[in-house]
There are 2 protein chains.
Amino acid sequence: MPQAGPLQTRNVAAVADGRTRRLTVSDWVEAGFTLLAEEGVKALTLDRLCRRVGVTKGSFYWHFVDLGAYRSALMDAWAALHDTERAQFTAMSDLEPRERLGRMLQVLLGERLWMLERAMREWARSDATAAAAVTAADRRIWRAVRQAYLDAGFTPAEAAVRADATFAIGVGILHLSASVPNTESAEKFLDIMLRH
Amino acid sequence: MPQAGPLQTRNVAAVADGRTRRLTVSDWVEAGFTLLAEEGVKALTLDRLCRRVGVTKGSFYWHFVDLGAYRSALMDAWAALHDTERAQFTAMSDLEPRERLGRMLQVLLGERLWMLERAMREWARSDATAAAAVTAADRRIWRAVRQAYLDAGFTPAEAAVRADATFAIGVGILHLSASVPNTESAEKFLDIMLRH
DNA sequence: ACCTGAACACCGTTCAAGT
DNA sequence: ACCTGAACACCGTTCAAGT
């Protein structure tokens with residue numbers, strides 16, 4: 001799909017060897033994630049990427065058909081990352097709803113992820129594929145959030161409204177944060193939303 | 001400050017005349033707003049702008065020192081726009097808190113404004129001046145929102161938390177919307193937040 | 001199979017020259 | 001004072017040539 005060259009045939013040891021080993025798609029993806037997490041969307045330029053990976057532009061174009069395809073690869077990796085999050089969420093089903101919601105917010109707004117989240121949502125505005133991936137991921141998380149409210153004893157209708165609000169809050173905090181988001185006010189918000 | 005050329009000396013009739021009249025800074029700003037509102041940040045390119053205004057690039061560079069300065073001008077105009085909004089908000093102080101909050105959300109998410117809001121917040125991430133303007137505007141609106149909760153009988157602490165949440169919701173909806181935001185779920189959310 | 005290096009196209013920017 | 005048109009720099013993209 002997005003890749004041009006090798007379909008990830010050999011995924012051997014990706015550790016820091018001297019200089020010998022050749023690049024794989026995931027090396028580029030990893031570099032892109034770091035760049036995004038550290039400096040945001042605008043830092044994701046061909047030159048910056050190649051400099052970081054230590055190779056010339058031509059190499060990039062052997063691995064990817066163009067920057068758009070590269071972003072698609074980033075999206076795919078991000079979606080996979082999101083799936084592991086979801087696994088965490090469903091594994092939480094034994095926790096109290098309140099505790100569960102608090103953890104969800106913390107995962108979403110945590111360290112490295114929130115910058116990626118922002119980047120994805122920014123691309124989603126101009127790219128249909130990105131938009132689809134974000135929507136799909138959102139729906140899954142929304143369900144987990146609603147389930148928490150259902151478990152807290154709300155009717156389906158009440159739970160849905162609260163899930164909408166909680167979700168919007170999360171995204172809102174994501175965008176309002178200049179640096180790393182603080183989850184403190186989000187916690188207080190949950191207290192209100194969980195009141196009957 | 002941002003402008004290079006004329007400091008808006010003659011603001012005469014800006015209506016559609018044949019082709020004779022010369023351009024003013026606000027003509028460029030108006031064109032930029034329309035472009036942003038219709039197609040978002042990515043459409044704001046030099047070529048698109050010049051095509052829309054019907055003039056060559058050189059003309060642009062007589063009015064503005066560069067694209068950055070032009071965006072500053074857009075920011076200034078946006079801030080002014082925001083001030084008239086705030087005037088609306090303070091004029092609302094006789095309305096019921098619930099009604100007032102509903103109107104505020106509708107103004108923020110209404111037709112032309114929400115796309116501009118998004119654009120400004122996107123720039124604010126990479127530009128310090130933009131960030132300052134957005135922060136200042138946000139603080140004013142936040143106060144108006146908190147005042148509504150105070151008038152609804154909440155303690156200062158309670159009102160502050162609710163203002164935080166309401167504000168985050170607004171921004172969240174802004175970014176979650178693919179097309180024009182629907183204010184329906186926001187209304188239901190207000191019902192919850194106003195409960196004692 | 002994977003990468004280099006040079007060439008091209010596009011778009012933001014400059015500037016001498018026009019009215 | 002305000003605008004044109006040509007030139008330049010930068011960055012994404014292509015591709016023939018290397019190992």
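What you are looking at is a predicted structure, and each value in this text was computed from that prediction instead of being measured.

A few words on helix α1 (residues 25-39) of chain B. Residue and element names in this part refer to chain B. The end-to-end C-alpha separation of α1 is 21 Å, in line with the 21 Å expected for 15 residues at 1.5 Å each. Among all positions of α1, only Val25, Trp28, Val29, Ala31, Gly32, Phe33, Thr34, Leu35, Leu36 and Ala37 are buried. At its buried positions, α1 is contacted by α2 (46-53), α3 (57-63), α4 (67-90) and α6 (113-124). Backbone geometry just downstream of α1 places Gly40 in the positive-phi region, at approximately 85 degrees.

A separate point is the protein's contact with DNA strand C. Near DNA strand C lie 19 residues; those nearest to it are Thr56, Trp62 and His63 of chain A together with Thr45 and Tyr61 of chain B. Counted by atom, the contact set of DNA strand C within 4 Å of the protein is 72% sugar and phosphate. Note that a phosphate oxygen of DNA strand C is positioned 2.8 Å from one of the side-chain N or O atoms of Thr45 of chain B. Contact distances for DNA strand C include 2.6 Å between a phosphate oxygen and a side-chain N or O atom of Tyr61 of chain B. Counting only elements with at least two residues in the surface near DNA strand C, the list comes to α3 (57-63) of chain A together with α2 and α3 of chain B. Looking at the surface near DNA strand C element by element, the count peaks at four residues for α3 of chain A. Each residue belonging to the surface near DNA strand C can be placed in one class, and the counts come to eight nonpolar, six polar and five charged.

Listed as interface residues are 26 residues of chain A and, on the opposing side, 26 residues of chain B. Interface area, chain A with chain B, both sides summed: about 2100 Å², of which 71% is carbon and sulfur. Sorting the residues of chain A by area buried against chain B places Arg125, Leu176 and Ile192 of chain A first, and these three jointly supply 26% of that buried surface. Inspection of the chain A/chain B interface yields two salt bridges. The shortest N-O distance in the salt bridge between Glu122 of chain B and Arg125 of chain A comes to 2.4 Å.

Turning our attention to the protein's contact with DNA strand D. Of all residues adjacent to DNA strand D, which total 19 residues, the nearest are Thr45 and Tyr61 of chain A together with Thr56, Trp62 and His63 of chain B. Counting only the atoms of DNA strand D that lie within 4 Å of the protein, the sugar and phosphate share comes to 70%. Between DNA strand D and Lys57 of chain A there is a distance of 3.1 Å, counted from a base nitrogen to a side-chain nitrogen or oxygen. Between DNA strand D and the protein, one listed contact pairs a sugar or linking oxygen with a side-chain N or O atom of Arg22 of chain B at 3.5 Å. When residues of the surface near DNA strand D are traced back to their parent elements, those giving at least two are α2 (46-53) and α3 of chain A together with α3 of chain B.

Rules of the game
Residues numbered from 1 in each chain as written. Chains lettered and ligands numbered in written order. Predicted model: local features only at pLDDT ≥ 70, side-chain atom pairs only at ≥ 80, totals over all residues. Heavy atoms only, no water. Helix = DSSP H or I, 4+ residues; strand = E, 2+ residues; numbered from the N terminus. Expected span 1.5 Å × (residues − 1). Buried < 20%, exposed > 50% of the residue type's maximum accessible area, 1.4 Å probe, protein only. Contact = heavy atoms within 4.5 Å. Near = heavy atom within 4 Å. Polar contact = N/O pair within 3.5 Å; in protein donor to acceptor, adjacent residues only side chain to side chain. Nonpolar A, V, L, I, M, F, W, Y, C, P; charged D, E, K, R; others polar. Buried area = accessible area lost by both parts, 1.4 Å probe. Salt bridge = Lys/Arg side-chain N within 4 Å of Asp/Glu carboxyl O.

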